[in-house]
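Listed below, chain by chain, are the residues.
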Amino acid sequence: MKKAFLTVLFMTLITVVFIASLAWVNESSRSRIAQNDKIFRLQSVLYACNLMPEGVDETLLSPAMTTSDLPWNNEAILHLTRQRIVSVTLPITPVVRDKLKGSMLSLTDSAEVQVLFDEAGAVLGYGFPLRGKGLWGALGAFAVVSADLNTMIGLDFTEQSETPGLGARITESWFKYFFRGLKIDGLHRPDGEGVVMVNRKIQSNLESPTNSVQAITGATQTCNGVVNMVNADLRFYLALLRGNMSILNDQFKGVN
Amino acid sequence: MATKAIDIVKDDLWKNNPVTVQILGICSTLAVTNIFMNTLIMGLGLTFVTAFSALVISLLRNIIPPRIRMMVQVLVISSFVVIVDISLKAYMPDISKALGPYVGLIITNCIIMGRMEAFAANNTPGPAFLDGIMSGIGYSWVLLVIAFIRELLGFGTILGMPVLDPLMRSLGASEGWVQWAFMIMAPGGFFMLASFIWIANSISAHKLAHGKH
């Protein structure tokens, strides 16, 4: 009996010692990790907004470059975000809610979108998060659409666990470049054609706008996941933005 | 003492290598070896965890009640893994994201538990710590060789720098280096690992047949 008690006591004591040590390590690095996460998220938002570090031309980047390879410094990220992006909360009215059936948005009363401004203060577009499913796990992205809601300004992936070298190439700049200038007007109609993947795209959508992007060879499941995520979530967010356009116009009229 | 240390080094690096001889740690061997840098960080993480877990287990070996020794070992190992995970998230966030769940899965790596049971629980702290380091290095060097070849053939790069593409173009191949997608995928890992084990065991068998140890 005494032996069993000592065994339990030993396990309890050693557990307390190790948990306390881990709690200390966690506490001492928590703010740094939170800051890293925030910077990662903002880098993605800026990339999707087509806002690059000073002196960087996206067309000259290495095709395999990812967002975190861009030569940002934390101060510039925070400054540019404050200067060019404003967060707004849009109400989900009953009329809009009808069009959001099947999405998580239909379960909430409001949704947050980011408004992107140009240097003169005019609204350039609207940004929002996308969620989907890849081959191995969840996909997360941030998309920005133009102010007229017909074109995509850009998209960046914030979460993925796809196969390195195959599906994970969705994070590379060459793949994401095809989302710039992508036509999304078909997503305004229930029967309209959404975004499609093609095996070979000769020109980017900035040169010749279409509703197609280049697929990745050997990563069909991931590409399908990306297309499904973009089409499903964009339809919902476009409906939300259309339903709140008068509010957005009123709120940012003075800014324009 | 010195002889024992040399034996530990020889055993862990070659004669009783955790990957090629004991066939341990295979999941991560297949999962992370398509990019050299990820493999290097994984190897360093595993070496850190194995070494310090072995040190702690060895220090506590005379007071751990035998019936709960494995619970204590798992507690110690998982604590060091969490420290590695938090440190990567705080100081190397890019690599932390690239390695994803594999850092957490160091806890389940059989090499660590195996060394705790087979060595650290029965030896003094010095040799146990050395054994932990050498087991980690024994695991890492095998993975790094595999990763070097997989990244080179799969991506045409070494540490992310293009090597084969410019080489092929300079040799007159207009399309440059055609990436071997097979090498990046899990089957490429199986193929490379099996080839490596075959070569390593053939060398060992040859040495044994010729009386060299």
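Engineer: I'd like to hear about the overall build of chain A, residue by residue, with values.
Structural biologist: Scanning chain A from N- to C-terminus turns up 6 helices and 8 strands. Each helix (α) and strand (β) of chain A, taken in turn from the N terminus, gives the series α-α-β-α-β-β-β-β-α-β-β-β-α-α. With the C-alpha coordinates of chain A rotated into their principal frame, the extents come out at 80 × 40 × 40 Å. By residue count, 34% of the 256 residues in chain A fall in the buried class. Pairs at least 24 apart in sequence give 62% of the contacts found in chain A among residues at least 6 apart.

Engineer: Which residues make up the interface of chain A and chain B, and what values go with them?
Structural biologist: At the junction of the two partners, chain A supplies 22 residues and chain B supplies 23 residues. When its residues are assigned to classes, the side of chain A that touches chain B shows 10 nonpolar, 11 polar and 1 charged.

Engineer: I'd like to hear about the nonpolar core, residue by residue, with values.
Structural biologist: Generally speaking, soluble globular proteins have nonpolar side chains that are buried together. Formed by 59 residues in total, the largest nonpolar core has its most connected members in A:Ala143 and A:Leu240. When residues of this core are traced back to their parent elements, those giving at least two are helix H1 (2-48), strand E2 (110-117), strand E3 (123-133), strand E4 (138-146), strand E5 (151-159) and helix H5 (220-243) of chain A together with helix H9 (181-184) of chain B. When residues of this core are assigned to their parent elements, the largest contribution, 11 residues, is made by H5(A). Every residue in contact with A:Ala143, bar those within four places of it in the chain, is listed here: A:Ala48, A:Gly127, A:Phe128, A:Leu130, A:Met152, A:Leu155 and A:Leu234. With 49 residues, the next largest nonpolar core counts B:Ala31, B:Ile35, B:Val82 and B:Met192 among its residues.

Engineer: Mind laying out the packing of H1(A) against helix H2 (residues 74-84) of chain A, listing which residues take part and the relevant values?
Structural biologist: All names here are of chain A. Running from N to C, H1 and H2 point in directions that differ by 55°, and their axes come no closer than 10 Å. Comparing their axes, H2 and H1 come out oblique. Crossing of H1 over H2 shows left-handed handedness. Residue-level contacts link Ile-39, Leu-42, Gln-43, Val-45 and Leu-46 of H1 to Asn-74, Ile-77, Leu-80 and Thr-81 of H2. Across the contact of H1 with H2, the residue classes break down as 6 nonpolar, 3 polar and no charged.

Engineer: Could you give me a rundown of the sheet that holds E2(A), with the residues and numbers involved?
Structural biologist: Residue and element names in this part refer to chain A. Reading across from one edge, E1-E2-E3-E4-E5-E6 is the order of the 6 strands in this open sheet, with antiparallel pairing throughout. Both edges of this open sheet fall to strand E1 (85-91) and strand E6 (182-183), since each of them pairs with a single strand only. Bridge analysis of E5 against E6 gives 2 bridges, and the strand direction is antiparallel. When the bridges of E6 are listed, Met-152 appears paired with Leu-182. Across the face of the sheet, H1 comes into contact with E1, E2, E3, E4 and E5 while running at roughly 160° to E5.

Engineer: Summarise the environment of B:Asn38; cite the residues concerned and give the values.
Structural biologist: All names here are of chain B. Mapped onto the fold, Asn-38 is located in helix H3 (residues 36-60). By C-beta crowding, Asn-38 is classed as buried, having 21 other C-beta atoms within 10 Å. Sequence spacing of Asn-38 and Ile-95 is 57 residues, and the spatial spacing of their C-alpha atoms is 6.7 Å. Once residues within four sequence positions are removed from consideration, Asn-38 is found in contact with Val-32, Ile-95, Ala-98 and Leu-99.

Engineer: So what about helix H7 (residues 125-155) of chain B? Which residues, and what values?
Structural biologist: The α-helix advances 3.6 residues per turn, and as a result positions three or four apart in sequence lie on the same side. A rise of 1.5 Å per residue sets the reference length of H7(B), with its 31 residues, at 45 Å; its end C-alpha atoms lie 43 Å apart and thus fit the reference within 8%. Following H7(B) by one or two positions, B:Gly156 has its phi on the positive side, about 75°.

Engineer: A description of the environment of A:Ser146 should follow, citing residues and the corresponding values.
Structural biologist: Residues and elements named next belong to chain A. Positionally, Ser-146 belongs in strand E4. Note: C-alpha distance between Ser-146 and Leu-13 (133 residues apart in sequence) is 59 Å. Aside from chain neighbours lying at most four places away, what touches Ser-146 is Gly-125, Thr-151 and Ile-153.

Reading the values: rules and limits
- Residues numbered from 1 in each chain as written.
- Chains lettered and ligands numbered in written order.
- Predicted model: local features only at pLDDT ≥ 70, side-chain atom pairs only at ≥ 80, totals over all residues.
- Helix = DSSP H or I, 4+ residues; strand = E, 2+ residues; numbered from the N terminus.
- Buried ≥ 20, exposed ≤ 12 C-beta atoms within 10 Å, placed from the backbone.
- Contact = placed C-beta atoms within 7 Å.
- Nonpolar A, V, L, I, M, F, W, Y, C, P; charged D, E, K, R; others polar.
- Core = buried A, V, L, I, M, F, W, Y, C linked by C-beta atoms within 7 Å.
- Axes fitted to C-alpha atoms, helices over the stretch in contact; angles between N-to-C directions.
- Parallel < 35°, antiparallel > 145°, perpendicular 65-115°, else oblique.
- Left-handed = near helix turned anticlockwise from the far one by under 90°.
- Pairing = 2+ DSSP bridges.
- Expected span 1.5 Å × (residues − 1).

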